[in-house]
Amino acid sequence: ARKHKVTIIGSGNWGSTIGKMVAENTAEHTDLFERDVQMWVYEEDVEVDNKSKHYNESNELCKGPQKLTTLVNTFHENVKYLPGIDLPHNLIANPSLTDAVKNSSILVFNLPHQFILNLCKQLRGHIKPFARGISCIKGVNVKESSISLFSETIGEELGIYCGALSGANIAKEVAEEKFSETTIAYDPPPMDSRTPTPATSQGPSPVSSHVDLTKLAHKDVSGKPSKVRLHPLPSEYQPIDHETIKKLFHRRYFHVRVVSDVAGVSLGGALKNIVAVAAGWVDGLGWGDNAKAAIMRVGLLEMREFGNRFFPNTVQPDTFTVESAGVADLITTCSGGRNHRCAKLSIQEGKSIEEIEARELNGQKLQGAMTAHEVATFLKSQKAEKDFPLLTAVHNILEGRGKAEDLPDLIEPEDSG
Ligand code: NAD
Ligand code: 13P
């Protein structure tokens, strides 16, 4: 059988960490995957500093700005976005997006959500039509009154099936191989289960000359028939099923549960970033653990209600309370995440979150404030703001139409007397 070539699209803090684990796994499962994993890097000039394991004043590469891809491929360390962590030598940094995805059958999308649409435009026409994707992106795609998950957006933009990975996964801890769990939602159409296509008896063939693609639409996460006409995986490839997906991501220190609820997993990852901003404010105010637990409780209820209300045909409400992508991610992000930390500092220093982000994160990108604005826009279009008081309050406070000190009143349900 033909092996899967895997490409990681994105190389930030989490992108590089996922790249590390995937490359460790492809090296162990060479029956299934090509050993080398391409990692697309948004190229930039970077100066190596003493956070890097390879900082050495006499090394030419440490004497001035260098291409990030050169540094990753020489030091096997992402000195800017994941300093201090050894990356496997079979993880290859590539500044060319189209070259990095060439001939790949598995694409792992992992970059801040604001860059995805532009990236998909660049990818169109350059990927294998039968490729399958996994989105590790935490965010939602809002266009005026419509909302979609990035797995769906990627699927529609590129005409492929895309699942979602999300969990309680602060990148640095995972990269240091401290134990964590994650949830992967992967629910490909039935055509991906290995029933032989007519091409099988002729041996390997290019994609689907015998398959009527118009019959291969699948359901999107809202339960409606998707516009995407999927191309079947050619029969010479091993199927990309739950087992394959698990082999690609699971590590001794990174336990994977594969489920089918793409909507629940994606929404958990996106919405908890908004709750983390409120939790950071509460910690910045010095209100203690009870206050933060209250924010998290209300946040969890709103996350679950959001799924039930807007993705009623597919979301499994239990995902929010049972899976790492739900309550566990909420807890970890409200304790040690970047959204929480920057929101906390913004209150303590009386500065905007954006100012703190620029100063503290060295190019890493917060998702919480932007997601709060996007979700509030969507809720407004649905006239549903009053049913999501915490999600709405975070947006209003960020816009200067309220104060974090007023959160207890702002999240009180209207009919509570
Ligand atoms: P990051 O916060 O480290 O962001 C920096 C990345 O953005 C860099 O790779 C940079 O090259 C890239 N970038 C900057 N400008 C760009 C542009 N114009 N076009 C394309 N790329 C550009 O990113 P991350 O931590 O890898 O996050 C990716 C996703 O993973 C996010 O949705 C995040 O919520 C999620 N996530 C992050 C963590 C974490 O702990 N970092 C954990 C789980 C999930
Ligand atoms: P932050 O982006 O707030 O650091 O959250 C990381 C995360 O998603 C942990 O699961």
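Rules behind the numbers
- Residues numbered from 1 in each chain as written.
- Chains lettered and ligands numbered in written order.
- Predicted model: local features only at pLDDT ≥ 70, side-chain atom pairs only at ≥ 80, totals over all residues.
- Heavy atoms only, no water.
- Near = heavy atom within 4 Å.
- Polar contact = N/O pair within 3.5 Å; in protein donor to acceptor, adjacent residues only side chain to side chain.
- Areas by Shrake-Rupley, 256 points an atom, 1.4 Å probe, with all protein chains shown as cover.
- Nonpolar A, V, L, I, M, F, W, Y, C, P; charged D, E, K, R; others polar.
- Helix = DSSP H or I, 4+ residues; strand = E, 2+ residues; numbered from the N terminus.
- Buried < 20%, exposed > 50% of the residue type's maximum accessible area, 1.4 Å probe, protein only.
- Contact = heavy atoms within 4.5 Å.
- Pairing = 2+ DSSP bridges.
- Axes fitted to C-alpha atoms, helices over the stretch in contact; angles between N-to-C directions.
- pLDDT = per-residue confidence, 0-100.
- Salt bridge = Lys/Arg side-chain N within 4 Å of Asp/Glu carboxyl O.

(A) Representation of the site of ligand 1 in the model. Taken together, 24 residues sit near ligand 1, with Asn 13, Trp 14, Ala 171, Arg 338 and Lys 365 positioned nearest. Between ligand 1 and the protein, one listed contact pairs an oxygen atom with a backbone N or O atom of Gly 15 at 3.0 Å. Between an oxygen atom of ligand 1 and a side-chain N or O atom of Asn 110, the distance comes to 3.4 Å. Contact with the protein chains hides 90% of the accessible area of ligand 1, taken as 840 Å² for the molecule alone. In terms of residue class, the shell around ligand 1 is built from eleven nonpolar, nine polar and four charged.

(B) Up close: the site of ligand 2. All residues in the neighbourhood of ligand 2 are listed as Lys 138, Gly 167, Ala 168, Asn 169, Ile 170, Lys 272, Asp 329, Thr 333, Gly 337, Arg 338 and Asn 339. The separation between an oxygen atom of ligand 2 and a polar side-chain atom of Lys 138 is 2.8 Å. The side chain of Asn 339 places a nitrogen or oxygen atom 2.8 Å from an oxygen atom of ligand 2. For ligand 2, whose unbound accessible area comes to 300 Å², protein coverage reaches 92%. Secondary-structure elements contributing two or more residues to the shell around ligand 2 are helix 11 (324–336) and helix 12 (338–349).

(C) Local environment of helix 15 (residues 389–398). With eight of its ten residues buried, helix 15 lies for the most part within the structure. Among the residues making up helix 15, those that are buried are Pro 389, Leu 390, Leu 391, Thr 392, Ala 393, Val 394, His 395 and Ile 397. Those residues of helix 15 hidden inside the fold are in contact with helix 8 (262–284), helix 9 (288–310), helix 14 (368–381) and helix 16 (407–410). Within two residues after helix 15, Gly 400 carries a phi angle of roughly 85°, on the positive side.

(D) Region of the structure containing the sheet that holds strand 11 (residues 180–185). Strand order in the open sheet formed by eight strands is 5-2-1-6-7-10-11-14, with mixed pairing between adjacent strands. Single-partner strands in this sheet number two, and they are strand 5 (91–94) and strand 14 (254–259). Ignoring which end each strand starts from, the neighbouring axes of this sheet average 25° apart. With four bridges joining them, strand 1 (residues 6–9) and strand 6 (residues 106–109) adopt parallel strand pairing. What sits directly across from Val 6, in strand 6, is Ile 106. The sheet strands contacting helix 2 (residues 68–75) are strand 2 (37–40) and strand 5, and the helix crosses strand 5 at an angle near 165°.

(E) Quick peek at the confidence of the model for the protein chain. The predicted model of the protein chain has a mean per-residue pLDDT of 92, with 92% of residues at 70 or higher. A low-confidence stretch, residues 195–212 (pLDDT under 50), is modelled with 19 contacts involving residues beyond four sequence positions or located in other chains. What the predictor reports for the complex is a pTM of 0.94 with an ipTM of 0.99.

(F) Representation of the pattern of salt bridges within the structure. Scanning the model with the defined rule gives 26 salt bridges in all. A salt bridge links Glu 60 to Lys 63, with the shortest nitrogen-to-oxygen separation between them at 3.0 Å. Here the two residues Glu 60 and Lys 63 agree in accessibility, since each one is exposed. Across the pair Lys 138 and Asp 329 runs a salt bridge whose closest N-O atoms are separated by 2.9 Å. Linking Lys 138 in the loop between strand 7 (132–135) and strand 8 (140–143) with Asp 329 in helix 11, this pair joins segments that are 191 residues apart in sequence. With relative accessibility at 15%, the residue Lys 138 sits in the buried group. Residue Asp 329 is classed as buried on the basis of its relative accessible area of 1%.

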